[in-house]
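Coordinate inspection notes
Okay, here's what each chain looks like letter by letter:
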Amino acid sequence: MTSDDDSHRLLDPAQDAAALKALTHPLRIRLLGLLRQDGPATASELAARTGESSASTSYHLRVLAKYAFVAEAAHRDGRERRWQAVHAVTSWSNEALAATPDGRASLGLLRRRQVEHLETSLAQHEQDLATGRLGPEWVEPSGISDLMPRLTPESLTELWQSFEQKLTDLTARDEHDPRAAQVMVLAAGLPLAAHEPAADAE
């Protein structure tokens, strides 16, 4: 199922269970991310970027295509197939996924894949700064925050909505600014139950 915005695909756990499961594979998530970040590419080009074989990237691209995450792009020539991401964003309902054991397992895997993506992006960010591919003006605004506010479910929902709207506004404002760079933004809002010392003692 897709939203009204063609750049955003909203997965329905009831109808798209197989697609969600396909998306939990770490290489598939990485391939989809590279296509979204850098634009269309061949299986061989993606193999060079990921350190995988072209046979492996070709297979996983076909799986992504089967579930409509990627599609064939315009070819430079007739020798090798080029692929492009179909949507800029893929999302799902946490509540719907958490309603079944399989859905909860998929949700956990998807979140762990996102954390792995953060680790990969952090390593690339540090390398890009060290090699001068990113200028010093990016040092101060870059970072990771681990704030621990106390919020209600309603306030956490409002925070997500405000964050997404602000990100949309800023992305539109900077679209044609030559100084803009691809920024990996991964936000987490994970409530934690109150600490109970008595339970620890048991």
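Bear in mind the structure is a predicted one, so any value in this text is a computation, not a measurement. (Residues numbered from 1 in each chain as written. Predicted model: local features only at pLDDT ≥ 70, side-chain atom pairs only at ≥ 80, totals over all residues. Heavy atoms only, no water.)

Right, let's talk about the overall build of the protein for a bit. Helix and strand counts for the protein stand at eight helices and five strands. Listing every helix and strand of the protein by position from the N terminus yields β-α-α-β-α-α-β-β-β-α-α-α-α. Restricting the contact set of the protein to residue pairs at least 6 apart, pairs at least 24 apart contribute 54%. As presented, the protein carries roughly 14,400 Å² of accessible surface, and 53% of it is formed by carbon and sulfur atoms. Charged side chains in the protein number 21 positive and 30 negative. The centres of these two groups are separated by 8 Å. (Helix = DSSP H or I, 4+ residues; strand = E, 2+ residues; numbered from the N terminus. Contact = heavy atoms within 4.5 Å. Areas by Shrake-Rupley, 256 points an atom, 1.4 Å probe, with all protein chains shown as cover. Lys, Arg positive; Asp, Glu negative; His and termini not counted. Charge placed at Lys NZ, Arg CZ, Asp CG, Glu CD.)

Overall, the coordinates contain one aromatic pair when judged by the stated rule. For the ring pair Trp160 and Phe163, a centre distance of 6.3 Å and an interplane angle of 80° mean the geometry is edge-to-face. Note that Trp160 and Phe163 are positioned in helix α7 (residues 153-173) at a spacing of three residues, about one turn of the helix. Positioned over the ring face of Phe69 is Arg9, at 4.6 Å from the centre of the ring. (Phe/Tyr/Trp six-rings, centres within 6.5 Å; stacked < 30°, edge-to-face > 60°. Lys NZ or Arg CZ within 6 Å of the ring centre and 35° of its normal.)

Our focus in this paragraph is helix α6 (residues 101-131). With 31 residues, α6 should reach 45 Å at 1.5 Å per residue; the first-to-last C-alpha distance of 45 Å fits that figure. Listed as buried for α6 are Gly103, Ser106, Leu107, Gly108, Leu110, Arg113, Ser121 and Asp128. For α6, the elements touching its buried residues are α1 (17-23), α2 (26-38), β5 (89-92) and α5 (94-97). In the segment just after α6, Gly132 is the residue with positive phi, at about 85°. (Expected span 1.5 Å × (residues − 1). Buried < 20%, exposed > 50% of the residue type's maximum accessible area, 1.4 Å probe, protein only.)

Let us now look at the pairing of strand β4 (residues 82-85). Relative to β4, strand β2 (residues 41-42) is paired through two bridges, and the arrangement is antiparallel. Along β4, the bridge assignment pairs Ala41 with Trp83. Relative to β4, strand β3 (residues 70-72) is paired through three bridges, and the arrangement is antiparallel. The residue of β4 that forms the bridge with Glu72 is Trp83. (Pairing = 2+ DSSP bridges.)

Before going further, it helps to examine the sheet that holds β4. Strand order in the open sheet formed by three strands is β2-β4-β3, and the pairing between neighbours is antiparallel. On the outer flanks of this sheet lie β2 and β3, each paired with one strand and no other.

Pairs can form between side chains of opposite charge whenever their charged atoms are close. Under the defined criterion, the tally for this structure stands at seven salt bridges. The closest approach of N and O atoms between Glu116 and Arg113, which form a salt bridge, is 3.2 Å. One end of the pair, Glu116, and the other, Arg113, are both in helix α6, three residues apart, so they sit about a helical turn from each other. For Glu116, a relative accessible area of 34% corresponds to the partly exposed category. Of the residues examined, Arg113 reaches a relative accessible area of 16% and is grouped as buried. Residue Arg133 is joined to Asp128 by a salt bridge in which the shortest nitrogen-to-oxygen separation is 3.3 Å. (Salt bridge = Lys/Arg side-chain N within 4 Å of Asp/Glu carboxyl O.)

With that settled, consider the environment of Ala43. Positionally, Ala43 belongs in helix α3 (residues 43-50). Overall, Ala43 belongs to the buried group, its relative accessible area being 8%. Note: C-alpha distance between Ala43 and Arg81 (38 residues apart in sequence) is 7.6 Å. Contacts of Ala43, omitting those with residues within four sequence positions, involve Ser54, Thr57, Ser58, Leu61, Glu80, Arg81 and Trp83.

This brings us to α3. Inspection of α3 places Ala43, Leu46, Ala47 and Thr50 among the buried residues, and these make up the whole buried set. Summarising the axial view, the buried residues of α3 lie within an arc of 105°, below the 170-degree limit, and thus occupy one face. Of the surrounding elements, those touching the buried residues of α3 are α2, β2, α4 (54-66) and β4. (Arc of directions from axis to C-beta.)

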